[in-house]
Each structure stands twice: as structure tokens, then as C-alpha cells.
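Structural description and commentary
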Amino acid sequence: MIKIIKKLSIAMLTASILFATIGPSTHAASKDNKKIQYYKEYQSIIKKVNTSKNKHLQLKDLSAISEKNLLTPTKFEKVVKGDEVADYDDIVATSNLLRSSSDLEGTFSKTKSFSVNVYSTEKVTISCKVSGKYIYDKSRKRCLFGTLNKPKFTVKNGKWIDRGYGQKTIDAGRTLTLTVTGKAVAGTNVKKNFRKYIEYAMNTNGDIG
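Report follows, based on the coordinates. Keep in mind it's a predicted model, so treat the numbers as computed, not measured.

Each value, and the rule that gives it
- Residues numbered from 1 in each chain as written.
- Predicted model: local features only at pLDDT ≥ 70, side-chain atom pairs only at ≥ 80, totals over all residues.
- Heavy atoms only, no water.
- Buried < 20%, exposed > 50% of the residue type's maximum accessible area, 1.4 Å probe, protein only.
- Helix = DSSP H or I, 4+ residues; strand = E, 2+ residues; numbered from the N terminus.
- Arc of directions from axis to C-beta.
- Contact = heavy atoms within 4.5 Å.
- Core = buried A, V, L, I, M, F, W, Y, C linked by side-chain atoms within 4.5 Å.
- Salt bridge = Lys/Arg side-chain N within 4 Å of Asp/Glu carboxyl O.
- Phe/Tyr/Trp six-rings, centres within 6.5 Å; stacked < 30°, edge-to-face > 60°.
- Lys NZ or Arg CZ within 6 Å of the ring centre and 35° of its normal.

Here we look at helix H2 (residues 73–81)
Those residues of H2 that sit buried are Pro73, Phe76, Val79 and Val80. Seen end-on, H2 carries its buried residues on one side only, within an arc spanning 125 degrees. Looking at the residues trailing H2, positive phi occurs at Gly82, about 70 degrees.

Some details on helix H3 (residues 88–95)
Those residues of H3 not exposed but buried are Asp90, Ile91, Ala93, Thr94 and Ser95. At its buried positions, H3 is contacted by H2, strand S1 (104–119) and strand S2 (122–137).

Let's talk about the nonpolar core
Of all hydrophobic cores here, the largest spans 44 residues; its most connected members are Phe76, Cys128 and Tyr200. Among the elements of the structure, helix H1 (2–53), H2, H3, S1, S2, strand S3 (142–148), strand S6 (175–186) and strand S7 (190–201) are those that each provide at least two residues to this core. Once residues within four sequence positions are removed from consideration, Phe76 is found in contact with Tyr42, Ile45, Ile46, Leu59, Leu71, Thr94, Leu97 and Leu98.

Points about the environment of Phe108
Its place among the elements puts Phe108 in strand S1. For Phe108, a relative accessible area of 5% translates into the label buried. When the C-alpha atoms of Phe108 and Tyr134 are compared, they prove to be 6.7 Å apart, with 26 residues separating the residues in sequence. In contact with Phe108, other than residues within four places in its own chain, are Val130, Ser131, Gly132, Lys133, Tyr134, Phe145, Thr147, Leu148, Leu176 and Ile208.

As for unusual backbone geometry
At Asp171, a position not held by glycine, the phi torsion is positive, near 55 degrees. With respect to the element layout, Asp171 can be found in the loop between strand S5 (159–170) and S6. Positive phi, normally seen in glycine, also occurs at Ala172, with a value near 55 degrees. You can see Ala172 is positioned in the loop between S5 and S6.

Focus on the pattern of salt bridges
For the structure shown, the criterion picks out 4 salt bridges. The salt bridge involving Glu77 is made with Lys81; its shortest N-O contact spans 3.5 Å. On the criterion of helical spacing, the pair formed by Glu77 and Lys81 is a turn pair, its members being 4 residues apart in helix H2. With relative accessibility at 29%, the residue Glu77 sits in the partly exposed group. Its salt-bridge partner being Asp137, residue Arg140 comes within 3.2 Å of it at the nearest N-O pair.

Let's talk about the environment of Gly82
By the element assignment, Gly82 lies in the loop between H2 and H3. In sequence terms Gly82 and Gly106 are 24 residues apart; their C-alpha atoms lie 4.0 Å from each other. Excluding anything up to four places from it in sequence, Gly82 contacts Lys55, Glu105, Gly106, Thr107 and Lys133.

Notes on the packing of aromatic side chains
Under the definition given, this model contains 8 aromatic pairs. Residues Phe153 and Tyr165 carry aromatic rings whose centres are separated by 5.6 Å and whose planes lie at 55 degrees to one another, so their mutual orientation is tilted. Of the two residues, Phe153 sits in strand S4 (residues 152–156) while Tyr165 sits in strand S5, which places them 12 residues apart along the sequence. For Phe153, a relative accessible area of 18% corresponds to the buried category. Centroid distance Trp160 to Phe194: 6.3 Å. Interplanar angle 50 degrees. Geometry classified as tilted. In this pair, Trp160 is assigned in strand S5 and Phe194 in strand S7, connecting sequence segments 34 residues apart. The same class applies to Trp160 as to Phe194, namely buried. Members of the aromatic cluster, each reached through a chain of ring pairs, are Phe114, Phe153, Trp160, Tyr165 and Phe194. Positioned above the aromatic ring of Tyr200 is the side chain of Lys112, whose terminal nitrogen or guanidinium carbon lies 5.1 Å from the ring centre.

If you want it as C-alpha cells, here you go:
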């Protein structure tokens, strides 16, 4: 009986040593395989995006990429395409996969409204929608306004005539300003001159306030 117990103990000890020796190396190999697989998919995605969107994105060398910065190819593709708003953490992770010369872009849109009191009981409401591209500035670790589209306006409860507007970015791309001028018309053709200044602030993560 004692011999049997000794044999079992030796067998269990041997198994433990084998697990301790083989287990971690197998786990490490699995991580390396995942990294290589993802890297190949990143390369394919970047090639397609650079061709279709005339971009110049470049991956870092495989050896320079940390495992903690790995992103699923689906999320990576969403960020580098820049056709829709991506999660900020995904943008940061993607920037860490690319060379510093690569600019990441995404789309933005934001609508703000204001009202012009033409007289005591009548007011005209004008909604102003700005849109365009934002860029992720890696050195400053924040999103900034990039290419701007022409703003769109919607008028309720009256008219807006002699339309005029000015659009520009200030604060090194952190803020977009829109100046709207003209005449608001309500009721029986009652007119009121106005000039409205609106600010759209780009937050660090790409949200607009």
C-alpha cells in the first residue's frame, strides 16, 4: 500500500512539473500566434483603406507592438476607415499600433438651436448642424476639428432671410465657431435683425459640447 502511495505521489509531482514547464510556454505561444494573426489582418485592412481613401497609414513593426494595444480587427477597421464615430479607447489603441506620421480621422456632427424673438408672442427658431472630419492628435492625445462641411440650417415658426454665416476653428482646432446673421421673419411679415455666435467644443474623446 505504501509503495502504491509513493508511486501516485511521484506521478502527481511529475505531472505538476510538466504542467508548470509546458503550460506557460504554450500560453505564450498562443499569445504570439494571436499577435501575428491580428497583425496580418491589420496589414490587409490598411492596404484596402489606403487605396480606397487615399490615406497613408503605416503600421509599426510587429516587434514594436505591445500585446496590451492589440485591438480586434473589426474595431481597428472601424477606426482607420473613419466613416463613423469610434470609441475613444479604440482610437487611442489604434494610434499606438500605427507609426507617428499616421493621422487618424473620424466623422462628427452636432446640431445646436437658437431662437430670435421677433415680437412678444412670436419667435423664429433656427437649428444649425455642423459636420465634417476630426483628427486624433497623438502628440496632444486628443481629438481636434479637421475638415469642415458646409453647415445645414433648419428654420421653424417663420423664415430666415438675408442669410449669412461664417464658420472657422480656433484654439488650435479644439473649438469650431459659427456666426449666423440675417433677418428673422414671423407673423404678418414682421422682421427682426439678428447676429448669433455659437461655439462647438471638441472634447478630448471626440464628443462635441
